[in-house]
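A closer look at the structure
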Amino acid sequence: MLSTQAHPGYCNGGFDGLHPPSDDDDMVDIAGATLDFSSTDDVPPLRVYEEHQSRAGANGTGPGSLMDPLEDPVPGLGTYEDFNTIDWVREKSKDRDRHREITKNSRRSTAALLHSISDAFSGWLLMLLVGLMAGALAGGIDIAAHWLTDMKEGICLDGFWFSHEHCCWKSSETTFKDRDRCPQWQTWGELITGTSEGAFSYILNYLIYIVWALFFAFLAVTLVRAFAPYACGSGIPEIKTILSGFIIRGYLGKWTLITKTVTLVLAVSSGLSLGKEGPLVHVACCCANILCHLFTKYRKNEAKRREVLSAAAAVGVSVAFGAPIGGVLFSLEEVSYYFPLKTLWRSFFAALVAAFTLRSINPFGNSRLVLFYVEFHAPWHLVELVPFIFLGIFGGLWGALFIKANIAWCRIRKTTRLGRYPIVEVLAVTAVTALVAYPNSYTRMSGAELISELFNDCSLLDSSQLCGYLQVGQTGIGNSLADRPAGPGLFTALWQLALALLFKMLITVVTFGMKVPSGLFIPSMAVGAIAGRLLGVGMEQLAYYNHDGLIFKGWCTPEADCITPGLYAMVGAAACLGGVTRMTVSLVVIMFELTGGLEYIVPLMAAAMTSKWVADAFGREGIYEAHIRLNGYPFLEPKEEFEHSSLAVDVMRPRRSDPPLAVLTQDSMTVGGVESTRYSGFPVVVSQESPRLVGFVLRRDLLISIDNARKRQDGVVGASLVVFSEHPPAQAPDGPPPLRLRGIMDLSPFTVTDHTPMDITVDIFRKLGLRQCLVTHNGRLLGIITKKDILKHMAQIANRDPDSILFN
């Protein structure tokens, strides 16, 4: 039997069945969001039929005329149900036909030529608008998150809207050593008690910090739950699935954009172990999807819209890190399913516009685009590749462990009562995070501040605890310092960092996937940066006390700056992020754009590749692919190899024990027979006795056409013939007129023979974006293979539950 089951609402027949019921049985919990099948945001409205009917009457094609979709197209044909996969081949074919029509008409008149030029330019204009909108939103999110994060600790007396840094910029009483202190900025304890010293002031600050954190987290989870359940999580797994052709109505809608923008600021400000970089990809894709509705070419073609969304994913990374080139590579390597050369150019342009917009807003206040600017003075030595590779091994192990632990926790959340109380879970995790984080200065600060501190190279003017070395009268090159022995301040910082490392590793597992916007880039980088800084300081002290040893002799002298701990932090950050996401090329480019450390590409490459190899030894899927599989999305991973020796006949339906394949015949089916069917698509054959393939038709298109025919053609009853052949058969004089629906049929469905190897079939599905493929033997139709059938077969081979694939 045909494996593409229709939506339950189809069973009713007619258009009422096209709107699925919204009872509790049809609610599915996915990625922390409750997906409501009755969502109407971004749903192609079915009322177009009434509008078309009124236009048809005005044009003289009212009741009584014989309907033929070839001559008079029916609006709504070619649209898709929620939680279904688009037909890439049909969408690309529609766009080619549209483009040919515009090109042909452009030779006839000046107006048509101008229309052709505007159509060609519309893609670039859309990219410009996406870049401007996403850059402006990202700048606002950065500024607001910085302000609210500082508000947990104190307030500016000159104006509550100033962050700590901006408040002290204007102060004439700020010294360079205590540049983060000024009379205009007061902690809550100092404001209430009049002094910043003493246990009471500390406890007061502690309690107010926790209250603010809980308040921000409560607001975030409540807004997500009330207005846009799709706004939670990272969004990248769903973006990847949408770009592969899957449809989730409302996931990129206006309410999701507004809610995610506001709650992302609140979630980051609450101090939870999450970042805003991943969700910014979702925000940029929402901007692109909304702006696509301004242009007919993208509004009416799902494949063209996905080209824009691929570019928007690049924009998201560009504004998240200030890394336009890395953003384009991220979209190409990690997110996009279909990425033609034209999309590459437009992605580059959009990322450039977004980066320029963000630079104009200057949210970091340092007149630079990059998030973590580094100035390392000492070159790295070949011997240091060994510790860099060790950091890669650590990143791979951490990535594999994190994925397994996080997926296990998310599965518990989905299958137990914990998932029914998202607000309680968020508040509990926030309370634990705030309680543990406040006493440690490295966990109290935001993730971006922590990474910036760990990347920092100690200079003569640094007052950081991480620069608490003993002064021995040595100087290095320029403003840098030669290697020195560690002092009490540095030892204290190392203990705090070790505790922060353990805390970050544990708390990030339960934080990612909660019902608030939560990115994984910054927490992963923070774990790696802490581990890298610890190793870097260890190597630095080893070099200082053993500069005459075999390893250091010849390149490390007592007065030299041999080891740069900040470089180790940078390499560790890349290794852990690579272990979690399995990025390689885009990761290295993002890291050197992020830091400006162009000469350190080789250490970053070594760590990124080692991290990927080690993590792949425990499982080939990254965190986003793992969440896609957990949620049951129909996503054929391009990186996954199909190594089984099965054939198409082993996977197709019907199986040997199943009833015969449900088909439609080209000239002997009635309207009543078609409406009583329960599958979402049908092969059309010559006859039951001669099952030679004629084409393929979707049930949704059938129902739309039949309903439209009832409104526009007299005499359509249950006994009316539905004809798919070019020449309808002879009819009885007193019989009802036939419905000629050859125009809605796909006359060139993809077919394979029953002995086609499945690895070739899987490649066909991946590279052409097919929804289904028909199986033949000597020209006779045998069965059908859908994308869901392939995913179930691959799950069985991998000893996973095939019923975990939820959607078509």
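Residues numbered from 1 in each chain as written. Predicted model: local features only at pLDDT ≥ 70, side-chain atom pairs only at ≥ 80, totals over all residues. Heavy atoms only, no water.

What follows is about the packing of helix α14 (residues 385-415) against helix α22 (residues 601-616). The contact between α14 and α22 brings their axes to 7 Å, and the two run at 40°. Of the two elements, α14 crosses α22, and the hand of that crossing is right-handed. Taking contact as the criterion, the partners of Leu-385, Phe-388, Ile-389, Gly-392, Ile-393, Gly-395, Gly-396, Leu-397 and Ala-400 in α14 are, on α22, Val-602, Pro-603, Ala-606, Ala-607, Thr-610, Ser-611, Val-614 and Ala-615. When its residues are assigned to classes, the contact of α14 with α22 shows 12 nonpolar, five polar and no charged. (Axes fitted to C-alpha atoms, helices over the stretch in contact; angles between N-to-C directions. Helix = DSSP H or I, 4+ residues; strand = E, 2+ residues; numbered from the N terminus. Left-handed = near helix turned anticlockwise from the far one by under 90°. Contact = heavy atoms within 4.5 Å. Nonpolar A, V, L, I, M, F, W, Y, C, P; charged D, E, K, R; others polar.)

Before going further, it helps to examine the pairing of strand β13 (residues 780-786). Summarising burial for β13: five of the seven residues are buried, a large majority. Linking two consecutive strands that pair antiparallel, namely strand β12 (residues 772-777) and β13, is a turn of two residues; a positive phi of about 55° is found at Asn-778 within it. (Buried < 20%, exposed > 50% of the residue type's maximum accessible area, 1.4 Å probe, protein only. Pairing = 2+ DSSP bridges.)

A separate point is helix α28 (residues 787-797). For α28, the tally of buried residues reaches nine of 11 residues, placing the bulk of the element in the interior. Buried positions along α28 lie against α24 (648-651), α27 (758-768) and β13. A positive phi of about 60° marks Asn-799, the residue just after α28.

Moving on, we come to helix α15 (residues 422-437). Between its first and last C-alpha, α15 extends 22 Å over 16 residues, near the 22 Å set by a 1.5 Å rise per residue. Those residues of α15 not exposed but buried are Pro-422, Glu-425, Val-426, Val-429, Thr-430, Thr-433, Ala-434 and Ala-437. In a view along the axis of α15, the buried residues occupy a sector of 155°, so they form one face of it. Its buried side turned inward, α15 meets α6 (199-227), α14, α16 (441-444) and α18 (488-511). (Expected span 1.5 Å × (residues − 1). Arc of directions from axis to C-beta.)

A word on the UniProt feature "transmembrane region" (unreviewed entry) in the protein. The positions UniProt marks with the feature "transmembrane region" (unreviewed entry) are residues 124-148, 206-231, 308-332, 382-401, 421-438, 493-514 and 520-537. Span residues 382-401 is 85% helix and 0% strand, its end C-alpha atoms 30 Å apart. Secondary structure across residues 421-438 comprises 89% helix and 0% strand; the distance between its end C-alpha atoms is 26 Å. (UniProt positions renumbered as here; feature names shortened; annotations may be inferred.)

This brings us to empty space enclosed by the protein. This structure, assessed with the given rule, holds five cavities of 30 Å³ or more. Together, 13 residues line the second largest cavity, and Ile-248, Leu-252, Asn-289, Arg-305 and Arg-306 are the ones closest to its centre. Element by element, the count of residues in the lining of the second largest cavity is highest for helix α11 (residues 302-321), at four residues. Its residues placed into classes, the lining of the second largest cavity shows six nonpolar, two polar and five charged. (1 Å grid on protein atoms, 1.4 Å probe; cavity = no way out; pocket = protein on both sides within 12 Å on 5 of 7 lines; lining within 4 Å. Points joined across faces, edges and corners; volume = space filled by probe spheres on them.)

Taken as a whole and assessed by the stated rule, the structure comprises one disulfide. The cysteine Cys-287 is free of any disulfide, with Cys-286 supplying the nearest cysteine sulfur at 7.0 Å. Given a relative accessible area of 0%, Cys-287 falls into the buried group. (Disulfide = S-S within 2.5 Å.)

Glancing now at the pairing of β12. The element β12 is largely enclosed, with a buried count of five among its six residues. Bridging between strand β11 (residues 751-753) and β12 involves three bridges; their strand directions are parallel. In the strand pairing of β12, Thr-751 is matched with Leu-774. Handedness of the β11-α27-β12 crossover: right-handed. Two strands pair when backbone bridges link them, and β12 and β13 are joined in this way by six bridges, in the antiparallel orientation. (Right-handed = clockwise from strand over helix to strand, strands pointing away.)

What follows concerns the packing of helix α19 (residues 521-545) against helix α20 (residues 565-581). The description of two helices packed together rests on the angle between their axes and the distance between the axes. Interhelical geometry of α19 versus α20 gives an angle of 140° and a closest axis separation of 6 Å. Of the possible angle classes, the one that applies to α19 and α20 is oblique. The handedness of the crossing between α19 and α20 is right-handed. Along the lines of polarity and charge, the residues of the contact of α19 with α20 split into 14 nonpolar, six polar and two charged. (Parallel < 35°, antiparallel > 145°, perpendicular 65-115°, else oblique.)

This next bit is on the pattern of salt bridges. Between side chains of opposite charge, a pair can form when the charged atoms approach closely. By the definition in use, this model includes 25 salt bridges. Taking the shortest distance from any N to any O, the salt bridge between Lys-240 and Glu-625 comes out at 2.5 Å. Highlighted residues: Lys-240 in helix α7 (residues 236-243) and Glu-625 in helix α23 (residues 623-631), separated in sequence by 385 residues. Glu-625 shares its class with Lys-240; the two are buried. With its nearest N and O atoms 3.3 Å apart, the salt bridge here joins Asp-707 to Lys-711. Linking Asp-707 with Lys-711, this pair stays in helix α26 (residues 699-712), spanning four residues, or about one helical turn. Each of Asp-95, Arg-98, Asp-119 and Lys-297 takes part in salt bridges that share partners, so that together they form one network. (Salt bridge = Lys/Arg side-chain N within 4 Å of Asp/Glu carboxyl O.)

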